[in-house]
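Residues per chain, in single letters:
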Amino acid sequence: DTAVSQTPKYLVTQMGNDKSIKCEQNLGHDTMYWYKQDSKKFLKIMFSYNNKELIINETVPNRFSPKSPDKAHLNLHINSLELGDSAVYFCASSHGLAGRNTGELFFGEGSRLTVL
Amino acid sequence: DQQVKQNSPSLSVQEGRISILNCDYTNSMFDYFLWYKKYPAEGPTFLISISSIKDKNEDGRFTVFLNKSAKHLSLHIVPSQPGDSAVYFCAAPSNTGNQFYFGTGTSLTVIP
């Protein structure tokens, strides 16, 4: 059983479209994250949720909207896609907040988004 | 503003030799560090960690060293194996408890 699963794994779409990436974890974790890995391979935090509440929202355009219907899911919806949104998006989860529980992050396999 | 930095984007090592991957950080308040390993088309997976109260942590072929005064840590893999070829990320949890900071990764190639 996959611990953190994201769908779709690959997504190719046109500029201006709206798309969603889904993430589910079956680890019983209470904190989930979205990270973006850009062309320079830098893993940068976008959002983190703890117990379904938004904890961090980095300087991400408001075209990106996370939704956490329950502790096991954190979906990412992107409106009006732009070329610069092309990247690999990783969902992750952890037990407790980073720093307060020095546990590790468990990552999904990533969703490669290509905007044409 | 990168708080965790890996200045070597790539490293090639002969099988059986030691691989040394380096990481620097700027925030002296970091108290825990982790190394992740990533294969192509997969998510990063946890490899080894170290608390700031220690200067060394060993797990099999993997050892992480921490030099707090230099704000530097390194991952040693010995002996290196071809299956170790991957991208290695250094990371630290933020003190506010809301995220992990990652370095840009070092791509290790172990040559058979």
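Everything that follows concerns the structure shown earlier in this document.
Residues numbered from 1 in each chain as written. Chains lettered and ligands numbered in written order. Predicted model: local features only at pLDDT ≥ 70, side-chain atom pairs only at ≥ 80, totals over all residues. Heavy atoms only, no water.

Undergrad: Tell me about the nonpolar core, and please be specific about residues and values.
TA: Counting 23 residues, the largest nonpolar core has F33, W35, L73, L75 and Y88 of chain B as the members making the most contacts within it. Those elements that place two or more of their residues in this core are β3 (19–25), β4 (32–38), β5 (45–51), β7 (62–67), β8 (72–77), β9 (86–93) and β11 (106–111) of chain B. Ranked by residue count, the leading element in this core is β9 of chain B, at four residues. Ignoring sequence-local partners within four residues, the contact set of Y88 of chain B consists of Q6, L21, W35, Y36, K37, L47, L75, I77, G105, T106 and L108 of chain B. I21, M32, M46 and Y89 of chain A belong to the second-largest nonpolar core, a separate cluster that totals 20 residues. (Core = buried A, V, L, I, M, F, W, Y, C linked by side-chain atoms within 4.5 Å. Buried < 20%, exposed > 50% of the residue type's maximum accessible area, 1.4 Å probe, protein only. Helix = DSSP H or I, 4+ residues; strand = E, 2+ residues; numbered from the N terminus. Contact = heavy atoms within 4.5 Å.)

Undergrad: I'd like a rundown of the state of the cysteines, residues and numbers included.
TA: Residue and element names in this part refer to chain B. Throughout the structure, instances matching the rule amount to two disulfides over all chains. Two residues share a disulfide in this structure: C23 and C90, whose sulfurs sit 2.0 Å from each other. Taking the sign of the S-S torsion, about -75 degrees here, the bridge from C23 to C90 comes out left-handed. Of this pair, C23 sits in strand β3 while C90 sits in strand β9, placing them 67 residues apart in sequence. Comparing C23 with C90, the two get one shared label, buried. (Disulfide = S-S within 2.5 Å.)

Undergrad: Provide a residue-level description of the interface of chain A and chain B, including the pertinent values.
TA: One frequent convention defines the size of an interface as the accessible area lost when the parts assemble. Listed as interface residues are 25 residues of chain A and, on the opposing side, 21 residues of chain B. At the junction of chain A with chain B, the criterion picks out zero salt bridges. Scanning the region where chain A abuts chain B turns up two residue pairs in polar contact (both at pLDDT 80 or more). Elements represented by at least two residues in the side of chain A that touches chain B include exactly β4 (31–37), β5 (43–50) and β6 (53–57) of chain A. Of the residues in the side of chain A that touches chain B, the class split is 13 nonpolar, six polar and six charged. (Salt bridge = Lys/Arg side-chain N within 4 Å of Asp/Glu carboxyl O. Polar contact = N/O pair within 3.5 Å; in protein donor to acceptor, adjacent residues only side chain to side chain. Nonpolar A, V, L, I, M, F, W, Y, C, P; charged D, E, K, R; others polar.)

Geometric descriptors of this kind do not, in isolation, establish any biological role.
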